[in-house]
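# Observations on the model geometry
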Amino acid sequence: MARCAGIEPCTLVMDLEGTDGRERGEDDTAFEKQSALFALAVSDIVLINMWCHDIGREQAANKPLLKTVFQVMMRLFSPRKTTLMFVIRDKTRTPLENLEPVLREDIEKIWDSVPKPEALKETPLSEFFNVEVVALSSYEEKEEQFKEQVATLRQRFFHSIAPGGLAGDRRGVVPASGFSFSAQEIWKVIKENKDLDLPAHKVMVATVRCEEIANEKCSIFAANEEWCQMEEAVQSGPVSGFGKKLSAILNFTLSEYDAEAIYFDGGVRSAKRKQLEENLLQLVQPAHQSMLGHIRSGTLENFKEAFEKALNAGEGFSLAAVACTQNYMAQFDEGHADAVIEQANWDTSKARDKLRRDIDAHITSVRAAKLSELTSSFEAKLNEALLGPVGALLDGATSETWPAIKKLMQRETESAVAGISNALSGFDMDKQSKDKILTSLENYAKGVVEAKAREEGGRVLILMKERFSILFSHDSDSMPRVWTGKEDIRAITKTARTASLKLLSVMAAIRLDDDVDNIETTLSSALMDTKNNAAVKDRSITTSDPLASSSWEEIPSSRTLITPVQCKSLWRQFKSETEHAVTQAISAQEAHKRNNNWLPPPWAIVALVVLGFNEFMTLLRNPLYVGGVFAVFLLIKALWVQLDISGEFRNGALPGLLSLSTKFLPTTMNLIRRLAEGQKPMTTDPRRNPALASKFFQNGSSSFSDSSSSASSGITSPKEGNEYSSTLKDD
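Residues numbered from 1 in each chain as written. Predicted model: local features only at pLDDT ≥ 70, side-chain atom pairs only at ≥ 80, totals over all residues. Heavy atoms only, no water.

### Brief notes about the pairing of strand β4 (residues 82-89)
Convention followed: Burial classes follow relative accessibility: with a 1.4 Å probe on protein chains only, a residue under 20% of its type's maximum area counts as buried, one over 50% as exposed, and anything between as partly exposed. A run of DSSP states H or I qualifies as a helix once it reaches four residues; a run of E qualifies as a strand once it reaches two. Both are numbered from the N-terminal end. Pairing between strands requires that DSSP locate at least two bridges from one strand to the other. Looking down the strands as they point away from you, a crossover is right-handed if its path from the first strand over the helix to the second goes clockwise.
Within β4, seven of the eight residues are buried, which leaves the element mostly enclosed by the surrounding structure. Sheet topology note: the strand β3 (residues 45-51)/β4 ladder contains seven bridges and is parallel. The residue bridging Ile48 from the neighbouring strand is Phe86, located in β4. In the sheet, β4 pairs with strand β5 (residues 129-135) via seven bridges, with the strands oriented parallel. Each bridged residue has a counterpart across the sheet, and for Thr82 the counterpart in β5 is Phe129. The handedness of the β4 to β5 crossover, carried by helix α3 (residues 96-113), is right-handed.

Right under this line is the structure:
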């Protein structure tokens, strides 16, 4: 015991011997506990010197000693506040922040395990002790750093009893004048306490020697060549006969320990042997875990391959899963049995459970993928079976369109449901899961139809114009209509618009249910009944417009494709864009009438007959006049056809006159020249009148009248006049 130099206030230091000395007698270990208890009883601050590697150990960390001292202290002395400072020497790289919680937790456990008097049963450790933890680096390896840390620690003892100091909250303080007597009395009580007696000296010797032998055998095992090779090999893959080989090495090591420690105390020998066995098993456990990991991963990979082959071979999913699972779990058990170490009693069920979880997870993922693939394939089939036909039915919309679509959807859905039900039978699914998939497929089919209907509803105006164009511009035989003047354009227009309105009413809503609606009637009365609309406009309107709404009666918004307001807007746009076709038809009809009405009025014909009777009789009496008139008629007819007069005037009177004025003289001169030469003007296409052409070449040009007749009869159509003229010029 000595006074600290240079530390204020006066501080006495009592240096106690360590807890692991072996040079003392049989009763020396008792003195260890006695001195420790004495230090706690008389000191304000107790420094416990501990090697860093002893943290977490039982004996080396002085846990039994502290437990005994705590227990006796509470029984012998009144509570006082003492600071326990654990000085960790030879600190490693492990941060103090990680070491301190472990040490504090051990002290708390010791305190909680100590039997306490009833009055102190719930008293926390902090009521008796302040626990402080400091760490010092190795003196031999880091001398300078060690000295700096010691100097820092020394500073903490200045004014240690002041508030906030190491012993600032001490209680039960003894005056310095009474310290000698107090210390004597405390030591007397400690010496008389039999609870601090320790075992005999032979036990101590056995403890030390058996521990040395155990440490030596553990080191020899760690350096064993066969073990090192197995440890290295198991890192890369499974080792055959791992368990048997390792068990033999462990047995040999333990037998050598038994041979050397046979003469020491039996209890100590057995305890140290058990500790050696635990240390050896702790050393080989990582390799054993690696071995189990290789067995598990290999078994899992083999299971995946076998499972995939079974599915590809057409085996039912559930049967394949059960068979492969049983087979490869048994395979894992065989591999695990080969890796079992006789000396170990480890619970390896976690590795087996993990393999089972991995297998189940793989089965679940494959199951989900197969179900998804199966569902996708049937959805693709439904998509292909419904999109085209539904689009075609909506394009040709009639009153039977939606019943036909519903029938088509039901037929294809039933076929798909039956197919997927058969496919799902191999999955051994519960009824609820199966019904969920079937319902999803049915909803998908309905969604395909609704999506296609909405797509077609977006282009309803185009479909209406196409239908109008087909019905308006083509006859019942689907031939292009020629407006000759006999057609009833009003009736044709009404028919085409009614059909287009029918298409609009069909496309206005989705009708896959059996509900009845009045959309067609509403649209027809509001858009096609012109007489009623005119009457409504003439009188004051007392009721609202049936189309001035954003929803149809009895049709929910989810099934509405085109709202009433949109129908009205589309119809207005439709009429505007088809009005031009109707106008063109009327214009073509009137032009055709004008072009074909070349005869004079009936009254003019009657007047010509009455007033020209005398001239007609004169011509009959003089045949020469008749011949001349006939020749002039033929010449005029030939000019009419050659010049295509009706065609020239089709575009108007003024353009026709201008065109005829440029062609009349050359055509007339060319025709007279041909007639004078006695040749027949060639037509553009002799095949149109082969009989006439043959007759011309046989008879020649015997007379003017014959030539004129042949020339006129060789003209086939007004459209060929220009070609005929050019042929004559080429000849």
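The rest of the description comes next.
### Quick word on the pattern of salt bridges
How we decide: By definition here, a salt bridge exists when the distance from a side-chain nitrogen of Lys or Arg to a carboxyl oxygen of Asp or Glu is within 4 Å.
As enumerated under the stated definition, the model contains 26 salt bridges in all. Its salt-bridge partner being Glu260, residue Lys217 comes within 2.6 Å of it at the nearest N-O pair. Within this pair, whereas Lys217 is found in helix α6 (residues 201-222), its partner Glu260 is found in helix α8 (residues 242-260), the two being separated by 43 residues in sequence. A relative accessible area of 4% places Lys217 in the buried class. The closest approach of N and O atoms between Arg559 and Asp513, which form a salt bridge, is 3.6 Å. Pair noted here: Arg559 is in the loop between α17 (530-538) and α18 (564-596) and Asp513 is in the loop between α15 (489-507) and α16 (519-528), with a separation of 46 residues, a long-range link. Accessibility expressed as a relative area gives 12% for Arg559, which makes it buried. Note on Asp513: relative accessible area 37%, which makes it partly exposed. A single salt-bridge network, built from bridges that share partners, covers Asp395, Lys452, Glu455, Glu456 and Arg459.

### Considerations on unusual backbone geometry
In this structure, Pro9 follows Glu8 across a cis peptide bond, with omega equal to -5 degrees. Within the secondary structure layout, Pro9 lies in the loop between β1 (2-3) and β2 (12-13). The phi dihedral of Ser478 is positive, around 65 degrees, even though this residue is not glycine. Positionally, Ser478 belongs in the loop between α14 (460-473) and α15. The exposed category is assigned to Ser478, whose relative accessible area is 56%.

### Concerning the side chain of Thr11
Using the following cut-off: Think of a polar contact as two N or O atoms within 3.5 Å of one another; within protein, one of them needs to be a possible hydrogen donor and the other a possible acceptor, and neighboring residues in sequence only count if both atoms come from side chains. Contacts are assigned to residue pairs with any non-hydrogen atoms lying within 4.5 Å of each other.
When you line up the elements, Thr11 lands in the loop between β1 and β2. Exposure remark for Thr11: the relative accessible area of 18% places this residue in the buried category. A polar contact is formed between the side chain of Thr11 and the backbone oxygen of Pro9, at a distance of 3.0 Å. For Thr11, the residues in contact, after removing those within four places along its chain, are Ala2, Arg3 and Cys4.

### Some thoughts on the sheet that holds β3
What counts, and what does not: Only the contacting stretch of a helix is used when fitting its axis, a line to C-alpha atoms as for every element, and angles between N-to-C directions run 0 to 180 degrees.
Ordered by their spatial adjacency, three strands build an open sheet running β3-β4-β5, and the pairing between neighbours is parallel. Every interior strand has two partners, whereas the edge strands, β3 and β5, have only one. Recorded for the sheet is a direction-independent mean angle of 20 degrees between the axes of neighbouring strands. Against the sheet, α3 touches β3, β4 and β5, its axis set at about 150 degrees to β5.

### So, the nonpolar core
Under the convention used in this document: The set of buried Ala, Val, Leu, Ile, Met, Phe, Trp, Tyr and Cys residues whose side-chain atoms join them within 4.5 Å is what this entry labels a nonpolar core. What counts as a domain boundary in this text is fixed by an automatic or database domain assignment.
Residues Phe242, Leu246, Phe307, Trp402, Phe472, Leu504 and Leu523 are the most contacted members of the largest nonpolar core, which totals 107 residues. No other element matches the 15 residues that helix α9 (residues 266-312) contributes to this core. The two domains that each donate at least three residues to this core are domain 2 (201-309) and domain 3 (368-529 + 546-598). In this structure Leu504 touches Val460, Met464, Leu523, Ile562, Cys567 and Leu570, once residues within four positions along its chain are discounted. Core analysis: the next-biggest nonpolar cluster, separate from the first, contains 33 residues, Cys52, Val69, Leu84 and Ile88 among them.

### Considerations on the packing of aromatic side chains
For the record, the criterion: Aromatic contacts are taken between Phe, Tyr and Trp rings whose centres are within 6.5 Å, Trp giving its six-membered ring; a plane angle under 30 degrees counts as stacked, one over 60 as edge-to-face, and the others as tilted.
Here the structure, examined in full by the defined rule, presents twelve aromatic pairs. Ring centres of Phe472 and Trp483 lie 5.2 Å apart, and the angle between their planes is 40 degrees; on these two criteria the pair is classed as tilted. One end of the pair, Phe472, is in helix α14; the other, Trp483, is in the loop between α14 and α15, and eleven residues separate them in sequence. Accessibility assignment for this pair places Phe472 and Trp483 in one class, buried. Joined through ring pairs, the aromatic side chains of Phe303, Phe307, Phe317, Tyr328 and Phe427 make up one cluster.

### A look at α14
Rule in force here: Each residue after the first adds 1.5 Å to the expected span of a helix. What the arc covers is the set of directions going from the helix axis to the C-beta atoms.
With 14 residues, α14 ought to run about 20 Å at 1.5 Å a step, and its terminal C-alpha atoms sit 20 Å apart, in line with that. Those residues of α14 that fall on the buried side of the exposure criterion are Val460, Leu461, Leu463, Met464, Arg467, Phe468 and Phe472. Taken around the axis of α14, the buried residues stretch over an arc of 160 degrees, which confines them to a single face.

### Side note on the confidence of the model for the protein
Stated formally: One number per residue, pLDDT, summarises how confident the predictor is, and it ranges from 0 to 100.
Of all residues in the protein, 83% attain a pLDDT of 70 or more, and the chain-wide mean is 77. Of all the helices and strands in the protein, helix α25 (residues 704-713) carries the lowest mean pLDDT, 33, while β1 carries the highest, 90. Within the model, pLDDT remains below 50 along residues 534-542, and this stretch shows one contact once partners closer than five positions in the same chain are excluded. pLDDT under 50 marks residues 679-731. Its contacts with residues more than four places away, or in other chains, come to 63 contacts.

### Regarding the environment of Thr94
Locating Thr94 in the fold gives a position in the loop between β4 and α3. Judged by relative accessible area, which is 33%, Thr94 ranks as partly exposed.

### Looking at the side chain of Thr493
Inspection of the secondary structure puts Thr493 in helix α15. Ignoring any residue separated from it by four or fewer positions in sequence, one finds Thr493 in contact with Phe468, Phe472 and Val582.

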